[in-house]
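# A look at the structure
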Amino acid sequence: MSSYPFTQGESGMSCAVATCIGCGCDDMHACWDEITETPCSWIRLDRNSARGVCSACPEHVERWDNGDREAQVP
Ligand SMILES: [Zn+2]
Ligand SMILES: [Zn+2]
C-alpha cells in the first residue's frame, strides 16, 4: 500500500503570481485556450505588478498596451 504525496515540492518559484486582467487566471491556474486547444500562456506579462494578459484574452491586449492594467475580471 502506497499513497502518493499530494504536493510536489516546487519551492524555487518566485513568490509573485501574475494574474490575467481579462479572466483572472494565474500562473497556477491557467485557463483553457479554445483557439489553440492548449492551456493559456502569457502574451503580456508584467512581473512587477503581478499582472498579465493571457492568450485566451487577446481583446485585452490593446487596453494593456494603452497602459491600462486594471483587472476587469467578470
Ligand atoms: Zn485571460
Ligand atoms: Zn488564461
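Note: the structure precedes this text.
Because the structure is predicted, anything quoted here is derived from the model rather than measured.

## Re the environment of Arg47
By the element assignment, Arg47 lies in the loop between strand E4 (42-46) and strand E5 (51-54). Taking the C-beta count within 10 Å as the criterion, Arg47 has 11 such neighbours and is therefore assigned exposed. Arg47 sits 30 residues away from Val17 along the chain, and the two C-alpha atoms are 8.0 Å apart.

## Re the nonpolar core
Side chains of a nonpolar character, in soluble globular proteins, are inclined to be buried together. Formed by Cys20, Ile21, Cys25, Cys40, Val53, Cys54, Ala56, Cys57 and Trp64, the largest nonpolar core amounts to 9 residues. Other than its neighbours up to four places away in sequence, Ile21 contacts Arg51, Val53, His60, Trp64, Arg69, Glu70, Ala71 and Gln72.

## Description of the pairing of E5
Here strand E1 (residues 19-20) pairs with E5 via 2 bridges, running parallel. Note on E5: the bridge partner recorded for Cys20 is Gly52. Pairing analysis gives 4 bridges linking E4 to E5, with the strands arranged antiparallel. Bridge pairing in E5 places Arg44 opposite Val53. Connecting E4 to the antiparallel partner E5 that follows it, the hairpin turn spans 4 residues, and Ala50 within it adopts a positive phi of roughly 60 degrees.

## Overview of the sheet that holds E4
Pairing in this open sheet of 3 strands is mixed, and the strands run E1-E5-E4 from one edge to the other. A strand with exactly one partner marks an edge of an open sheet, and here the two such strands are E1 and E4.

Rules used in this analysis
- Residues numbered from 1 in each chain as written.
- Chains lettered and ligands numbered in written order.
- Predicted model: local features only at pLDDT ≥ 70, side-chain atom pairs only at ≥ 80, totals over all residues.
- Helix = DSSP H or I, 4+ residues; strand = E, 2+ residues; numbered from the N terminus.
- Buried ≥ 20, exposed ≤ 12 C-beta atoms within 10 Å, placed from the backbone.
- Core = buried A, V, L, I, M, F, W, Y, C linked by C-beta atoms within 7 Å.
- Contact = placed C-beta atoms within 7 Å.
- Pairing = 2+ DSSP bridges.

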